[in-house]
Amino acid sequence: MGKKGDALRAEVIDALERAEGPLSAYDILAELRGNHPKIAPTTIYRALAALSESGKIHRLESLNAYLLCGCDEHGHDHDAILSICDDCGTVEETVAPELLASMSKVLGKSGFEATRHVVEIHGTCADCGPEQTNS
């Protein structure tokens with residue numbers, strides 16, 4: 001993508017770092033329009049695809065949004081379990097290689113070969129759970 005693409009990806013990462021939760025591609029586009037008034041949605045999608053492929057961000061399929069990868073090392077092949085709170089929108093990332101390997105093994109029995117795992121689980125976080133509503 002070159003220097004211009006690298007700079008744009010850095011701006012996308014900055015926008016995601018400033019955000020209080022996941023952002024859609026159009027949220028990111030709106031954030032970057034101040035510096036790039038003529039930026040096209042396809043440019044944002046290309047940057048997001050490159051960042052996702054490199055493991056620096058995750059795409060939340062169920063929310064059609066993106067967030068920074070919470071892992072310090074990006075060598076986990078993009079495999080993640082993402083816990084999404086339906087009340088406050090908090091997203092927590094967990095890596096459980098043994099669980100994901102087990103899932104691949106089960107799926108492999110039918111001939112399916114998993115290339116990556118992104119598991120999204122919706123529910124209620126500890127801060128929003130039943131104990132918090134009774135306080």
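Quick caveat: nothing in here was measured; it's all calculated off a predicted structure. Counting restarts for each chain: residues are numbered from 1 in the order of the written sequence. Thresholds applied to this predicted model are a pLDDT of at least 70 for local features of residues and 80 or more for the giving and counting of side-chain atom pairs; totals over whole chains, interfaces and linings are not thresholded and use all residues. Side-chain calculation: all heavy atoms of the structure are included, whereas hydrogens and water are not.

This part covers the packing of helix α1 (residues 2-18) against helix α2 (residues 25-32). Helix packing for two helices is described by the angle between their axes and how far apart those axes are. The axes are straight lines fitted to the C-alpha atoms, using for helices just the contacting stretch, and the angles between their N-to-C directions are given from 0 to 180°. What counts as a helix is a DSSP run of H or I of at least four residues, what counts as a strand is a run of E of at least two, and both are numbered from the N terminus. α2 packs onto α1 with a crossing angle of 105 degrees between their chain directions and a minimal axis gap of 10 Å. Considering the angle they form, α1 stands roughly perpendicular to α2. On α2, the residues that touch L8, E11, V12, A15, L16 and R18 of α1 are I28, E31 and L32. Ten residues, namely Ala, Val, Leu, Ile, Met, Phe, Trp, Tyr, Cys and Pro, are considered nonpolar, four, namely Asp, Glu, Lys and Arg, are considered charged, and the remaining ones, Gly among them, are considered polar. Class assignment of the residues belonging to the contact of α1 with α2 gives a composition of six nonpolar, no polar and three charged. Geometric relationships in this document are graded by angle, where less than 35 degrees denotes roughly parallel, more than 145 denotes roughly antiparallel, 65 to 115 denotes roughly perpendicular, and other angles denote oblique. Here a residue-residue contact requires only that any non-hydrogen atoms of the pair lie within 4.5 Å.

Here the focus is the pairing of strand β4 (residues 91-94). Each residue gets one of three labels from its accessible area relative to the maximum for its type: buried under 20%, exposed over 50%, partly exposed in between, using a 1.4 Å probe on protein chains only. Residue alternation in β4 divides its side chains into a buried set, V91 and E93, and an unburied set, E92 and T94. Taken together, the four bridges between strand β3 (residues 80-85) and β4 define a ladder with antiparallel strand orientation. Opposite L82, over in β4, you have E93 as the bridge partner. Any two strands with at least two DSSP-identified bridges between them are counted as paired. With antiparallel pairing between neighbouring strands as the criterion, β3 and β4 make up a hairpin whose turn holds five residues, including G89 at a positive phi of roughly 85 degrees.

Okay, the nonpolar core next. Residues grouped as a nonpolar core are buried Ala, Val, Leu, Ile, Met, Phe, Trp, Tyr and Cys residues, joined through side-chain atoms within 4.5 Å. Counting residues in each nonpolar core, the largest one holds 16 residues, and the members touching the most others are V12, L16, I28, I44 and L48. Residue assignment for this core shows that the elements contributing at least two residues are α1, α2 and α3 (41-53). Not counting the four nearest positions on each side in its chain, L16 is found in contact with L23, I28, I57, Y66, L67 and L68. Ranked by size, the runner-up nonpolar core spans six residues in total, among them L60, A80, I84 and V91.

Right, let's talk about the pattern of salt bridges for a bit. Should the charged atoms of two oppositely charged side chains come close, the side chains can pair. The working definition used for a salt bridge is a side-chain nitrogen of Lys or Arg within 4 Å of a carboxyl oxygen of Asp or Glu. Counting across every chain of the model gives three salt bridges. For the salt bridge of R9 with D6, the shortest nitrogen-to-oxygen distance reads 2.1 Å. Linking R9 with D6, this pair stays in helix α1, spanning three residues, or about one helical turn. On the basis of relative accessibility, which here comes to 16%, the residue R9 falls in the buried class.

Considering the arrangement of structural elements, one finds H117 in the loop between α4 (97-108) and β5 (118-123). A polar contact of 3.1 Å, which involves the side chain of H117, links it to the backbone oxygen of L100. Each polar contact in these results corresponds to two N or O atoms within 3.5 Å; when the atoms are within protein, one needs to be able to donate a hydrogen and the other to accept it, and residues that are neighboring in sequence are counted only if both atoms are side-chain atoms. At 2.6 Å, the side chain of H117 forms a polar contact with the side chain of S104.

The residue E113 is located in the loop between α4 and β5 in this model. On the basis of relative accessibility, which here comes to 67%, the residue E113 falls in the exposed class. Taking the C-alpha atoms as reference points, E113 and D86, separated by 27 residues in sequence, lie 31 Å from one another.

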